[in-house]
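# Summary of the model geometry
Listed here are the chains, written in short residue letters.
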Amino acid sequence: MSSPARARPRRRRASGTTRVRLGARFSAFSVLITILVGLTAALIAYPIGLMSWRVIQGGSDGWAKLFDEFWFGRMAIDTTIVVVTTSVLAVALAALLAWVNERTDAGIGAVGDALPLLPLLLPTVATAMGWVLLAIPNVGFLNGILNGLGIPWDLNIYTLPGLIFVYVLVTVPYAYLPILAAFRTLDPSLEEAARVSGAGPLKVFLTVSVRAIAPAMLAGLVLVGAVTLSLYSVPVILATRPGIEMLSVRIVSAIRGRFPPAYDIAGMLSILLAMVLLGLWLLQRRSLAARRFATVGTRGAGGSVARLGKWKWPFRSVILFYIAFSAVLPVAALVLVSLQTFWSGDIIGEWTWDNYLAVFGRSLGLSAVRNSAFHALVTGGLTVLVAASMMIYAHRRRSLLGKLSQGIALVPAAITNTVFGVAFILAFAGPPFRLGGTTLILALAFFVVYLPYASIATEVSVASVDRSLEEASSLSGATEGRTFRRILIPLILPGIFAAWALVLVRIVGDLSLAVMLATPNTAVVGFLLIDVWEAGSFGVVAALSLIMTAMTVPVVMVMLWLGRPRWKRADRGQKRWRPAAATEDQGTRRETVAAR
Amino acid sequence: MTVKSNDSETSHAEASDATPATDTVRVEVSEVDKTFVREGGEEVRAVDDINLSLHREEILVLLGPSGCGKSTLLRCLAGLEHPDRGRITIGGDVVFDHGRGISLPPNERDVNMMFQSYALWPHMTLESNVAYPLRVRGVKKSVALRQASEYLDLVGLTGLGRQYAGSVSGGQAQRAALARTLISEPAVALFDEPLSNVDAKVRARLRAELRRLHKEVGFTAVYVTHDQIEAMGVASRIAVMREGRIAQLGNPVDVYETPHDRYSAQFIGEANLYPGTVSSRVDDDVVVDTDLGPLRAAARNFDLVGTDPALGGEVTLMIRPEYIRVSRGGDGGTPEPNSWRARIESSLYAGSHTEYVCSLEGADVLVWEMAAPVPLSEGEVVTLTAPSWAVRVVGPR
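The sections below set out a description of the structure shown in this document. As the structure is a prediction and not an experimental result, all values here were calculated from the model.

Conventions we followed
- Residues numbered from 1 in each chain as written.
- Chains lettered and ligands numbered in written order.
- Predicted model: local features only at pLDDT ≥ 70, side-chain atom pairs only at ≥ 80, totals over all residues.
- Heavy atoms only, no water.
- Helix = DSSP H or I, 4+ residues; strand = E, 2+ residues; numbered from the N terminus.
- Buried < 20%, exposed > 50% of the residue type's maximum accessible area, 1.4 Å probe, protein only.
- Contact = heavy atoms within 4.5 Å.
- Areas by Shrake-Rupley, 256 points an atom, 1.4 Å probe, with all protein chains shown as cover.
- Lys, Arg positive; Asp, Glu negative; His and termini not counted.
- Charge placed at Lys NZ, Arg CZ, Asp CG, Glu CD.
- Salt bridge = Lys/Arg side-chain N within 4 Å of Asp/Glu carboxyl O.
- Pairing = 2+ DSSP bridges.
- Axes fitted to C-alpha atoms, helices over the stretch in contact; angles between N-to-C directions.
- Phe/Tyr/Trp six-rings, centres within 6.5 Å; stacked < 30°, edge-to-face > 60°.
- Left-handed = near helix turned anticlockwise from the far one by under 90°.

## Focus: the overall build of chain B
Across its full length, chain B carries 10 helices and 21 strands. The principal-axis extent of the C-alpha atoms belonging to chain B is close to 80 × 50 × 45 Å. Considering chain B as a whole, with its 397 residues, one finds that 59% of them fall into the buried category. Across chain B, contacts joining residues at least 24 apart in sequence account for 66% of those joining residues at least 6 apart. For chain B, the exposed surface amounts to about 16,200 Å²; the carbon and sulfur share of it is 48%. Of the charged side chains in chain B, 41 are positive and 55 negative; the average position of the first set lies 7 Å away from that of the second.

Given below as structure tokens:
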């Protein structure tokens, strides 16, 4: 092998080494994943198991005591009404928004597609608080405007419809996403066939589109139901005053509102909530399996859109109104109120920074902001990294550990933050761990609760990296480490940033874990906000909600920008990073490329 | 950083293949098996006792239908699959030896591969994509980029180096992937159906390009495809694969003109196949009784495939449709040998040739008439003639 005079660098290889196959490779990563899976499993199973055990020990007496509570019946009824109504309305609105954006000429392009997701980037408490300021009787801004116009309506957000209204605003994105996806994969020829048969756009929507996307709507229904059941920030602001009993509020107040805390009641309610959520997921799985993909054609979407004619602006305004109601108006109200000494419902009052000084002038306020930032960046960052590692492993190794790491990361989605809050107090606050009142217990709770969000978001980007991209690197002579650093990580980094943004908003905006697990020493903004809310200071609460928003929005912007690097912007809409199958529209592409 | 393969391995590899100039052997595959277990426990022999050797600047095409094991064999060479048995040597290095427990990962083999999906990294420019194999080997960035742009010129992508891989067309991505595969001058370049994702026109152009590059750069390659035209176009040698085994190995002309069995005959090109019994010898021809009547095949054709034309022997004969002459009318003069009267059942004008299906009493004959400005019409009676040298033997019946 001395002959071929190839003046070229040879592959690096330690001389004489012959690697024995398989096994050895990837092993350090396997060890890491084993540890992560073990720790995560323990963080889920131990607290939930302990809580369940406590409840079982309480026996039927415990349940009887719960059912005898004066509020139990009301709570069951109110919660059911709110959850069912919200789910139906949110899905209907989401379907309408998705249809307008994706299938009619009233859509506002790519920006319009993303607009209904805006509320996901706002802390929900900001929306709820904003609506208090907009529609509280007499002094709400909207009431002021209605009065000024001479309309004798007095909006009252502190009512059942008011509560449901805000719930719908904040939950629409959860239904919008799957429905939009369904519209995109739906074969447009189905709709075209109906239109050719003489049906008008609205009729097509009602008779064809809606039915074709039914599975996605069902998925949205379940998801919105689950979110509505779990949400704490909206009802704690809006439901308490009109005396509407919501399950999530009762769970938290069993611990926070009483002395000594009623752990047994909190535990039983949590189990109840977890069971209902579990039932919802199972229902969704079954119904989705039953009628899956009956509708998805092979032809890609992006076909013709319905021309709405004179109806174009009414439909377009649905999008605009939604954005105004869910984001613009509440934030505007918060800004106005936070800058005034005394809130009287007038838009022009006396301007002041007092409310912000009340936050930042106190050491509690400063440390709360600091702690929230810490959790958002460090806890959130670690959560996303763990999620990404587990998802990479799950997709690269079809072993038992791979399946476990995927499963474990998604399990907590079926449980919810209030449930974990209670379980964590029971399991870790006292001996032997004695983590009560530490930053660690809060960090661990954030980690477990937001791991599934991070996992789902990162999994999408991990799954979209085709195997051959890594194989090509390996065949080019790169080691596993180099392939990981230079190929895999850069490709999934945008997904990691997007996941981080999502988790960050949740952590900063979280109220339920904050009120159950934080103390003045470890305060986060959510903890402080509830504290001030209970003291009844609108101006400071408005300031705090805005501080939350201000903490998230710029960071989210940066992260979404990082999530769209230059190579992605250069890409021509290939959804999947498998460069294959680029059908030859060569001529046009050539020209545009040459023109640059 | 250079690595020397140890000499004992090399000499062993040379010893096992005595025929050609042994120092040019680039790839040596011996007794390689690979079995997959399907879900449900059924075992599938994807690669079954393969022996191959590949010489410098040769392009070996693995040709076969999907599921014949050609891609698995390629991935075994690449190190992406691990055979169950056997030995593979690449560029003088033993990269796999089951008996000695050796299996080098892809990055330690002197290979590179062009994927069906091209597998260009979308987060890198074409330039960086192409320079990557050099960068991995520790070549300085400026040098690597310069060489990359030379290779981009070579494949006709001058000036597109700064484009991101996701923003170019399929054909351009394909060329860039080709440049990336060849830039590090691997001992063997592997091609996994690289032309199957583009339309016929582009495919033909790239095939020509590949041959030009082969002349200019002189690479050695194993090339997997299911398209026989593509195989004919690029191959130095073709290995027709069937169910994990090599059905026939030879240069394109041999594989087409003298297929060794019915499978190879039918997989490459069109073939009229007539089983029959050897009945007599006339001059240099062997007469075989078939459904068409007595067919005369040149005795040489028996020798080519090593079949003994013993009287009473059962054989299968093959005639390629383009070797059959068709002439108008069938007035029934003196019946020449290998000449039949037939009726045209259907005709299909395909531009470069016209395809006729003709029927006799006992059998159908597929005929390609090359120059036929005025195609014969259906129902017409014609005379078909085939020279005895064109009547091939594809083994026993």
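Next comes the rest of the account.
## Looking at the overall build of chain A
Along the backbone of chain A there are 25 helices and 0 strands. Sorting the 596 residues of chain A into buried and exposed places 53% on the buried side. Excluding contacts between residues fewer than 6 apart, the proportion of contacts in chain A whose partners are at least 24 apart in sequence is 78%. For chain A, the exposed area adds up to about 26,200 Å²; of that, 67% sits on carbon and sulfur atoms.

## A closer look at the pattern of salt bridges
Residues and elements named next belong to chain B. The full count for this structure, using the stated rule, is 27 salt bridges over all chains. Among the ionic pairs, aspartate 227 bridges to arginine 203, the shortest N-O distance being 3.4 Å. Placement of aspartate 227 in the loop between strand E9 (221–225) and helix H7 (228–234) and of arginine 203 in helix H6 (residues 200–217) is noted, with a sequence separation of 24 residues between them. A salt bridge links glutamate 380 to arginine 328, with the nearest nitrogen and oxygen atoms 2.6 Å apart. Taken as a pair, glutamate 380 in the loop between strand E19 (364–369) and strand E20 (381–385) and arginine 328 in strand E16 (residues 325–328) lie far apart in primary sequence, 52 residues in all. A single salt-bridge network, built from bridges that share partners, covers Glu31, Asp33, Arg45, Asp48, Asp49, Arg85 and Arg245.

## Considering the sheet that holds strand E3 (residues 59–63) of chain B
Sheets are built from strands paired through backbone hydrogen bonds, the pairs being either parallel or antiparallel. Residue and element names in this part refer to chain B. Strand order in this open sheet of 6 strands is E7-E8-E9-E3-E10-E11, and the pairing throughout is mixed. Only two strands of the sheet have a single neighbouring strand rather than two, namely strand E7 (111–114) and strand E11 (245–250). For this sheet the average axis-to-axis angle between neighbouring strands, irrespective of direction, equals 20°. Contacting E7 and strand E8 (188–192), helix H5 (residues 170–182) crosses the sheet at an angle of about 170° to E7.

## Focus: the environment of serine 327 of chain B
Residues and elements named next belong to chain B. Positionally, serine 327 belongs in strand E16. A relative accessible area of 28% means that serine 327 is categorised as partly exposed. Once the C-alpha coordinates of serine 327 and glutamate 369 are considered, the two residues, 42 residues apart in sequence, prove to be 9.8 Å apart. If near-sequence neighbours (up to four positions away) are discounted, serine 327 is found in contact with Val382 and Thr383.

## Looking at the packing of aromatic side chains
Residues and elements named next belong to chain A. Here the structure, examined in full by the defined rule, presents 25 aromatic pairs over all chains. Taking the centre distance of 5.7 Å and the plane angle of 75° together, the rings of tryptophan 99 and phenylalanine 315 count as edge-to-face. Of the two residues, tryptophan 99 sits in helix H2 (residues 72–103) while phenylalanine 315 sits in helix H13 (residues 312–338), which places them 216 residues apart along the sequence. No difference in accessibility class separates tryptophan 99 from phenylalanine 315, as the two residues are buried.

## Quick look at the pairing of strand E15 (residues 314–319) of chain B
All names here are of chain B. Counting buried positions over the 6 residues of E15 gives 5, a clear majority of the element. Taken together, the 6 bridges between strand E12 (residues 272–282) and E15 define a ladder with antiparallel strand orientation. Across the sheet, residue tyrosine 274 finds its bridge partner in E15, namely leucine 317.

## Observations concerning the environment of alanine 78 of chain B
Its place among the elements puts alanine 78 of chain B in helix H2 (residues 70–78). The spatial distance from the C-alpha of alanine 78 of chain B to the C-alpha of asparagine 112 of chain B is 7.5 Å, given a sequence separation of 34 residues. Once you skip the residues sitting within four places of it in the chain, alanine 78 of chain B turns out to touch Leu475 of chain A together with Pro106, Arg109, Val111, Met113 and Leu190 of chain B.

## Quick notes on the packing of helix H4 (residues 124–135) of chain A against helix H6 (residues 160–185) of chain A
Residue and element names in this part refer to chain A. Relative to each other, H4 and H6 sit at 145°, their axes nearing to 10 Å. H4 and H6 meet at a crossing whose hand is right-handed. Contact with H4, carried on its side by Thr124, Thr127, Ala128 and Trp131, involves Phe165, Val166, Leu169 and Val170 of H6 and no other residues of that element.

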